[in-house]
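Residue-level structure breakdown
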Amino acid sequence: QWERLWFLILTSSFFLTLVWFYFWWEVHNDYNEINWFLYNRMGYWSDWSIPILVTTAAGFTYITMLLILALCHIAVGQQMNLHWLHKIGLVTTLITTVVTMSSIAQLWDDEWEMVFISLQATAPFLHIGALAAVTALSWLVAGQFARTEKATSQMLMFSAYLAVVVALYLVPLAISSPCIMEKKALGPKPAILGHRGAPMLAPENTLMSFQKAVEQKLYGVQADVVLSYDGVPFLMHDKTLRRTTNVEEVFPERAYEHSSMFNWTDLEKLNAGEWFLQNDPFWTAGSLSRADYLEAANQSVCKLEDMLEVIKDNTSLILNFQDLPATHPYYSTYINITLETILASGIRQQAVMWLPDTERQLVRQLAPGFQQTSGLKLDTERLREKGIVRLNLRYTKVTNEDVRDYAVANLSVNLYTVNEPWLFSILWCAGVPSVTSDSSHVLRKVPFPIWLMPPDEYHLIWITSDLISFLVIVGVFIFQKVPEILLLSCRWRLGSIRTYNPEQIMLSAAVRRSSQDVKIMKEKLIFSEINNGVETPDELSFCSENGY
């Protein structure tokens, strides 16, 4: 019973660590967001993604090896005999995985949506892998089935395995992926907007970052705007200057102040590039050329005016605004000041996607050409009432059906932040018009979705895989059953010989054999019966009558 319990714990640990490993591998798209989230929680920057990934991979490998060894023991009819050190390691891995998964679910439950989105890209291939694994297990199951003597245990074992196999055969009925479609139905490639410029090639929200985005000929860029204490719009994402400047060195006593509480003359003294080379948030600083490295190291806080001068000719712009503290001198007029700066730059109004809801009516009057954009997911009727023509949403908030509904309503959708080619491919197949990305230099080189499969071809692969698996499983069960059938046949033959009267055998043999042959046969039969426990006087009377 204890061995069964430990095997159950081992199996549960395997599936939990498998899910966690898959989750952490797939959220690679959001590693920078996760690190930023932890930075806000802990107060200092550290790249937690790689240590967590390495630890997860090590735990999964350890549990997988234990499970393989356990299955090998079961295959040869032995108990697991798990060492106490492995029991401690198994329980520790299980508890750690459960606690970590629970923590992510509580702190950042939105990220679990990534698993369901990723299955749109991986489910067809995971299905084939799972089918191969379960088919390979048929040898072990068939062996256990043949060795089990109780019919009830055999039926339970066979029923459980059959249920798993049938479920896997039917899983494709629940698989839905936008990339299972005809090639001719594929829409145009989504336009790409650089998230805070090109943050993998230069420090975010700096002039160099937007210059890199323009060099890549992107459709547009996204930027975060704040107003300084003396009324100068500048670019900064965080509420404080700690993460992306050296404010702790220059103004240590003001490091935790809101960035808008600094005058522009103070902001000009800060370096906004060294952190990028030191923290290397995207592991790309080492790939910079010598000239780019030196340029990045000397970046300063960027004015909105300077950024607009770089992008105004042929690049669209989407702006995020930070709310100012109530004590800020321009608390009630910062929208007006920012709007004036944008209009004075000469950028085409149609190229500006206006995101803030604050003073939207005023913006419509002063800049009627702006694309009114909403960061809230609303129904199409409400969006029309508010005059919204574009949505800017996180990719986990929108389904494929939502994209189609918005397209029918003539509403364009921009999704952020999309960094991985597989995610870009899924959104491309779904018909998303544009995405915001940190890795624009990578996505712009993706010529086609990673995979695209016509429905008929997918159905053929599905049915063929199921058929091959079924034939292999049936063959394995028949092969494993042959030794048992031969054994039963031998037992039946031996049993029929024991119940047959030896005297009749001798009489029939005497008709066609010499007396010497009959004598030898008598000896063999008598000693065979003695070896099988025939020792009573009645049974041996035949022997004594013949002088033995």
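Residues numbered from 1 in each chain as written. Predicted model: local features only at pLDDT ≥ 70, side-chain atom pairs only at ≥ 80, totals over all residues. Heavy atoms only, no water.

1. A look at helix 4 (residues 84-107)
Because the α-helix completes a turn every 3.6 residues, residues three or four places apart line up on one side. Defined as follows: Think of it this way: any DSSP run of H or I at least four residues long counts as a helix, any run of E at least two long counts as a strand, and we number them from the N terminus. Between the first and last residue of a helix there are one fewer steps than residues, each counted as 1.5 Å, and that sum is the expected span. A 1.4 Å probe rolled over the protein chains alone gives each residue an accessible area, and that area as a share of the maximum for its type sets the label: buried under 20%, exposed over 50%, partly exposed in between. The criterion used for residue contact is that any of the two residues' heavy atoms lie within 4.5 Å.
If you check helix 4, its first and last C-alpha atoms are 34 Å apart, about what 24 residues at 1.5 Å a residue would give, namely 34 Å. Considered for burial, the residues of helix 4 that qualify are Gly 89, Leu 90, Thr 93, Thr 97, Met 101 and Ile 104. Check the buried side of helix 4 and you find it contacts helix 1 (2-26) and helix 3 (49-75).

2. Details of the pairing of strand 8 (residues 412-416)
Under the convention used in this document: Here a strand pair is declared whenever DSSP counts at least two bridges between the two strands. Clockwise travel from the first strand over the helix to the second, with the strands pointing away from the viewer, marks a crossover as right-handed.
Burial runs high along strand 8: 4 of the 5 residues are buried. In the sheet, strand 7 (residues 390-394) pairs with strand 8 via 5 bridges, with the strands oriented parallel. Looking at the pairing, Asn 392 lines up with Asn 414 of strand 8. Following the chain from strand 7 across helix 17 (residues 400-408) to the adjacent parallel strand 8, one finds a crossover that is right-handed. Relative to strand 9 (residues 434-437), strand 8 runs parallel, the two sharing 2 bridges. Looking at the pairing, Leu 415 lines up with Val 435 of strand 9.

3. Description of the packing of aromatic side chains
Selection rule: Aromatic contacts are taken between Phe, Tyr and Trp rings whose centres are within 6.5 Å, Trp giving its six-membered ring; a plane angle under 30 degrees counts as stacked, one over 60 as edge-to-face, and the others as tilted.
Tallying each qualifying case throughout the model produces 25 aromatic pairs. Note on Phe 145 and Phe 158: the rings are 6.1 Å apart at their centroids and 55° apart in plane angle, and the pair reads as tilted. A residue pair is termed long-range when its members are at least 10 positions apart, and Phe 145 in helix 6 (residues 138-147) and Phe 158 in helix 7 (residues 151-170) qualify at 13 residues. For Phe 145, a relative accessible area of 15% corresponds to the buried category.

4. A closer look at the confidence of the model for the chain
As a reminder of what qualifies: Per residue, pLDDT measures the predictor's confidence, with a range of 0 to 100.
Considering every residue of the chain, the mean pLDDT works out to 87; 88% of them sit at 70 or more. Confidence drops under pLDDT 50 across residues 497-501; counting only partners more than four residues distant or on other chains, this segment forms 3 contacts. A low-confidence stretch, residues 533-548 stays under pLDDT 50, and its non-local contacts, those more than four residues away or across chains, total 13 contacts.

5. Details of the state of the cysteines
Counted only if it meets this: Note on terminology: pairs of cysteine sulfur atoms within 2.5 Å are recorded as disulfides.
The final tally for this structure, using the stated rule, is 1 disulfide. The disulfide partner of Cys 179 is Cys 429, and the S-S distance across this bridge is 2.3 Å. Torsion about the S-S bond of the Cys 179 and Cys 429 cystine: about 95°, corresponding to right-handed handedness. Of this pair, Cys 179 sits in the loop between helix 7 and strand 1 (191-195) while Cys 429 sits in helix 18 (residues 421-430), and the two are 250 residues apart along the sequence. Cys 429 carries the same exposure label as Cys 179, and that label is buried.

6. Some points on the UniProt feature "transmembrane region" (unreviewed entry) in the chain
Counted only if it meets this: UniProt positions are given in the numbering used here, feature names are shortened, and annotations may be inferred rather than shown by experiment.
What UniProt calls "transmembrane region" (unreviewed entry) maps, in this numbering, to residues 5-25, 48-76, 88-108, 114-143 and 155-175. As annotated, residues 48-76 comprises 93% helix and 0% strand, and the C-alpha atoms at either end are separated by 43 Å.

7. Description of the nonpolar core
How we decide: Only buried residues count toward a nonpolar core. Its members are Ala, Val, Leu, Ile, Met, Phe, Trp, Tyr and Cys residues joined through side-chain atoms within 4.5 Å.
Met 307, Leu 317 and Ile 342 are the most contacted members of the largest nonpolar core, which has 94 residues in total. No other element matches the 7 residues that helix 18 contributes to this core. Those residues in contact with Leu 317 that lie beyond four places of it in its chain are Val 221, Ala 223, Met 307, Leu 308, Ile 311, Ile 347, Ala 351, Val 352 and Met 353. Counting 12 residues, the second largest nonpolar core, distinct from the first, contains Leu 131, Phe 145, Val 165 and Val 476.

8. Observations regarding the pairing of strand 1
For strand 1, the tally of buried residues reaches 4 of 5 residues, placing the bulk of the element in the interior. In this sheet, strand 9 lies alongside strand 1 in parallel orientation, the contact comprising 4 bridges. Counted as the bridge partner of Ile 192 is Val 435 from strand 9. One ladder, built from 3 bridges, connects strand 1 with strand 2 (residues 220-227); its direction is parallel.

9. Overview of the environment of Leu 16
In this structure, Leu 16 sits in helix 1. Looking at Leu 16, the relative accessible area reads 27%, which means it is partly exposed. As a C-alpha pair, Leu 16 and Met 101 span 85 residues in sequence and 9.2 Å in three-dimensional space.

10. Points about a positive patch on the surface
Test applied: Candidates for patches are residues over 30% relative accessible area with no salt bridge; among them, like charges are joined within 9 Å and nonpolar side chains (Val, Leu, Ile, Met, Phe, Trp, Tyr) within 5 Å. What sets the accessible areas is the Shrake-Rupley method with a 1.4 Å probe; for residues, cover comes only from the shown protein chains. Whenever Lys or Arg places a side-chain nitrogen within 4 Å of a carboxyl oxygen from Asp or Glu, that contact is recorded as a salt bridge. Charge counting follows a simple rule: Lys and Arg are positive, Asp and Glu are negative, and His as well as the terminal groups are ignored. Charge positions are represented by NZ for Lys, CZ for Arg, CG for Asp and CD for Glu.
Judged by side-chain charge, Lys 189, Lys 217, Arg 444 and Lys 445 come together as a positively charged surface patch. If you trace the backbone, Arg 444 turns up in the loop between helix 19 (440-443) and helix 20 (455-499).

11. Examining helix 8 (residues 207-215)
Met 208, Ser 209, Phe 210, Lys 212 and Ala 213 are the residues of helix 8 that are buried. Contacts made by the buried residues of helix 8 are with strand 2, strand 3 (233-235), helix 12 (290-297) and helix 13 (304-311). Where helix 8 ends, the next residue or the one after it, Lys 217, has phi of about 60°, a positive value.

12. Brief notes about the pattern of salt bridges
For the structure shown, the criterion picks out 18 salt bridges. Note that Arg 394 is salt-bridged to Asp 30, the shortest N-O span being 3.3 Å. Of the two residues, Arg 394 sits in strand 7 while Asp 30 sits in the loop between helix 1 and helix 2 (31-42), which places them 364 residues apart along the sequence. Exposure class is identical for Arg 394 and Asp 30. Each is buried. Glu 257 is the salt-bridge partner of Arg 254, the closest N and O atoms lying 3.3 Å from each other.

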